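Fold and contact review
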Amino acid sequence: MLRHGVARPYCILSDGENAVPKVNEHYFNLKASYLFSEIRRRTKAFGDAHPDARLINLGIGDVTQPLPPAVIRAVHEAADEMARAETFKGYGPYVGYEFLLAAIAAHDFGARGVKVGLDEIFVSDGGKSDSANLQEIFARDSVVALMDPVYPVYADSNVVAGRSGPADESGRYAGFVYLPCTAENAFQPALPDRHVDLIYLCYPNNPTGAVVTREALQRWVDYARAQEATILYDAAYEAYIADAEVPHSIYEIDGAREVAIECRSFSKNAGFTGMRLAYTVVPKEARGRTAGGTEMSLNALWHRRVAIKSNGPPYIIQKAAAAVYTPEGQKQVRALVDRYMANARIIRDGLTGAGFTVYGGRNAPYIWVRTPAGLSSWDFFDTLLAAAHVVGVPGSGFGPSGEGYFRLTAFGSREETAEAVERIKTRL
Ligand SMILES: *Cc1c(COP(=O)(O)O)cnc(C)c1O
């Protein structure tokens, strides 16, 4: 009902009962993500109080090195194509151009003896959006299992979809099944002790830097098959795997094609965090079921979702991604990853030498440090900042099982990384 007579343009007022649409109240279940704002706040307060201190940030989860030259050349060439009517590209395929799908299938899977069809690969603008969006094709009442500590996207996307209640004081959302990953279980979570429908696994892991063995991954696949669950496998850090026995793809595991969806990204290997390109593999064998019990192809459902909501990433960026698979591009990407991993080694060796207990940093750009003397994650943050002027990320910010740990990253410059380690060794 209009209460104020003539409505203003675009603004219809009523008695307040039903004037504006109701919002999605599941958003109110999200706990305030105060991790990075709190880091900024404490860092700024310290910087203001100590203007002469030269802070080194080893907390960043973003790459810092410029794009490989092969990628830059492809960007220029693709831009020139866009400048001529004969080679101009408008809308492309929703799922990505075939030249890129073919390069992905051949290099990321075929070269490792894994067969993935072009119609099983869906190119997108990011691993973040893919891992957030995949839950959309599953039922509202699906039970979600998450590693703890964890990349927050998996939890948050399911919270706003209404699959959880609010978080408790420890930060755990009601309704989710948490899989603690600590030094006590070598960061290898136990299988859930109840039925779950969706299992988010991330290997190599952000934030712990842990990897999964072939045997452990086989147990997950067997569990998913027995429970008729789906594994959402985030392999964004695949390029950092150095140990020969660590699986690069979940599809190296027997039976995985029936129960696993895998996400990859060009962000952390080729430095595409500002370019935006990733892909998701949904095998033809992967199945879900309707409420009535009819089996459905998850590949067909995801294809439908992509077709409805996307026109695919930009042509120029897809050309840039394809350049990653050229011999030159592969060499340059290898050099980028090696450069970050040399930083990881400097941090690992330096902190181990200084008496710290450290994990990760061998097959991942993350070093997961045990805080000394029973300090909480935030106490250690303050200690490190005050004594060494080094910024990292408190492990508790990634989940309750991250309490008592601290994340340092290998994405800094060589000089700053070495200096930060030197300061930690001498001042802590
Ligand atoms: C960085 C990262 C990604 C990749 O995100 P993009 O959106 O592709 O940049 C995916 N998963 C995890 C766990 C990450 O840390």
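1. Regarding the pairing of strand β15 (residues 405-409)
For β15, the buried fraction is high: 5 of the 5 residues fall into the buried class. Along β15, one buried face is formed by Tyr405, Arg407 and Thr409 and the opposite face, lined by Phe406 and Leu408, is buried too. Summarising the sheet, strand β12 (residues 366-370) and β15 pair through 5 bridges and their orientation is antiparallel. When the sheet's bridge partners are listed, Arg370 is paired in β15 with Tyr405. Examined bridge by bridge, strand β14 (residues 393-394) and β15 share 2 bridges and lie antiparallel to one another. Paired with Val393 across the strands is Arg407, a residue of β15.

2. Here's the deal with the pattern of salt bridges
The final tally for this structure, using the stated rule, is 22 salt bridges. As a salt-bridge pair, Asp48 and Lys44 come within 2.8 Å of each other at their nearest N and O atoms. Taken together, the residues span about one helical turn, with Asp48 and Lys44 both in helix α1 (residues 35-49) at a distance of 4 residues. On the accessibility criterion, Asp48 (52% relative accessible area) is exposed. In this structure, the salt-bridge partner of Glu285 is Arg257, at a minimum N-O distance of 2.7 Å.

3. Section: the packing of helix α10 (residues 327-353) against helix α12 (residues 414-427)
Remark: α10 packs on α12, axes separated minimally by 9 Å, with the N-to-C direction vectors making an angle of 5°. It follows from the interaxial angle that α10 and α12 lie roughly parallel. Here Arg339, Ala342, Asn343, Ile346, Ile347, Gly350 and Leu351 of α10 come into contact with α12, specifically with Arg414, Thr417, Ala418, Val421, Ile424 and Lys425. Considering only residue class, the contact of α10 with α12 consists of 7 nonpolar, 3 polar and 3 charged.

4. Some thoughts on the sheet that holds strand β7 (residues 260-265)
One open sheet holds the 7 strands; their spatial order is β2-β8-β7-β6-β5-β3-β4, and the pairing between them is mixed. If you trace the sheet from one side to the other, it starts and ends with β2 (121-124) and β4 (177-180), each paired once. Going from strand to strand, the sheet's axes swing by 20° on average, the running direction of each strand aside. Judged from the 4 bridges that link them, β7 and strand β8 (residues 278-281) form a sheet pairing that is antiparallel. When the bridges of β8 are listed, Glu262 appears paired with Val281. On top of the sheet, helix α3 (residues 98-109) reaches β2, β7 and β8; it is set at about 115° to β2, its chief contact. Contacts from helix α8 (residues 298-309) reach β2, β6 (230-234), β7 and β8, with the element oriented near 25° to β2.

5. Some remarks on the domain arrangement of the protein chain
For interface size, the figure often reported is the accessible area lost on association. As far as domains go, the protein chain holds domain 1 (31-66 + 328-427) and domain 2 (69-326). For domain 1 and domain 2, the distance between their C-alpha centroids amounts to 26 Å. Each partner contributes residues to the interface: domain 1 has 30 residues there, and domain 2 has 40 residues. Carbon and sulfur atoms make up 56% of the area that domain 1 and domain 2 hide from each other, which totals about 2900 Å².

6. Remarks on the nonpolar core
Formed by 120 residues in total, the largest nonpolar core has its most connected members in Ile231, Phe266 and Phe272. Each residue touching Ile231, except ones within four places of it in the same chain, is listed here: Ile199, Leu201, Trp220, Val221, Ala224, Ile250, Val259, Ala260 and Ile261.

7. Notes on the environment of Thr352
Of note, Thr352 is situated in helix α10. Among the residues examined, Thr352 registers a relative accessible area of 43% and is labelled partly exposed. Between the C-alpha atoms of Thr352 and Val369, which are 17 residues apart in sequence, the distance is 9.5 Å.

8. Brief notes about helix α11 (residues 377-388)
Across its 12 residues, α11 extends 16 Å between first and last C-alpha, which sits within 8% of the 16 Å expected from 1.5 Å per residue. Within the span of α11, buried status applies to Ser377, Trp378, Phe380, Phe381, Leu384, Leu385 and Ala388. Viewed end-on, α11 has its buried residues packed into an arc of 160°, placing them on one side of the element. The inward-facing, buried residues of α11 abut α1, β13 (390-391), β14, β15 and α12.

9. Some words on the site of the ligand
Around the ligand, the structure places 14 residues, and the nearest of them are Asp234, Tyr237, Ser267, Lys268 and Arg276. At 2.6 Å from an oxygen atom of the ligand is found a side-chain nitrogen or oxygen belonging to Arg276. Starting from 390 Å² of accessible surface for the ligand in isolation, the protein chains cover 94%. With respect to the detected pockets, the ligand is housed in the largest pocket. In the shell around the ligand, the residues fall into 5 nonpolar, 5 polar and 4 charged.

10. Focus on the packing of aromatic side chains
For the coordinates displayed, the defined rule picks out 27 aromatic pairs. Relative to Tyr178, the ring of Phe176 lies with its centre 6.4 Å away and its plane at 55°, an arrangement referred to as tilted. The exposure class assigned to Phe176 is buried, which follows from its relative accessible area of 8%. With centroids separated by 5.0 Å and ring planes inclined at 85°, the aromatic side chains of Tyr340 and Phe411 adopt a geometry described as edge-to-face. One end of the pair, Tyr340, is in helix α10; the other, Phe411, is in the loop between β15 and α12, with 71 residues separating them in the sequence. Here Tyr340 matches Phe411 in class, with each residue buried. The positively charged end of Lys319 is found above the aromatic ring belonging to Phe99, 4.7 Å away from the centroid.

Calculation notes
- Residues numbered from 1 in each chain as written.
- Predicted model: local features only at pLDDT ≥ 70, side-chain atom pairs only at ≥ 80, totals over all residues.
- Heavy atoms only, no water.
- Buried < 20%, exposed > 50% of the residue type's maximum accessible area, 1.4 Å probe, protein only.
- Helix = DSSP H or I, 4+ residues; strand = E, 2+ residues; numbered from the N terminus.
- Pairing = 2+ DSSP bridges.
- Salt bridge = Lys/Arg side-chain N within 4 Å of Asp/Glu carboxyl O.
- Axes fitted to C-alpha atoms, helices over the stretch in contact; angles between N-to-C directions.
- Parallel < 35°, antiparallel > 145°, perpendicular 65-115°, else oblique.
- Contact = heavy atoms within 4.5 Å.
- Nonpolar A, V, L, I, M, F, W, Y, C, P; charged D, E, K, R; others polar.
- Domains from an automatic or database assignment.
- Buried area = accessible area lost by both parts, 1.4 Å probe.
- Core = buried A, V, L, I, M, F, W, Y, C linked by side-chain atoms within 4.5 Å.
- Expected span 1.5 Å × (residues − 1).
- Arc of directions from axis to C-beta.
- Near = heavy atom within 4 Å.
- Polar contact = N/O pair within 3.5 Å; in protein donor to acceptor, adjacent residues only side chain to side chain.
- Areas by Shrake-Rupley, 256 points an atom, 1.4 Å probe, with all protein chains shown as cover.
- 1 Å grid on protein atoms, 1.4 Å probe; cavity = no way out; pocket = protein on both sides within 12 Å on 5 of 7 lines; lining within 4 Å.
- Sits in = over half its atoms within 2 Å of the grid points.
- Phe/Tyr/Trp six-rings, centres within 6.5 Å; stacked < 30°, edge-to-face > 60°.
- Lys NZ or Arg CZ within 6 Å of the ring centre and 35° of its normal.

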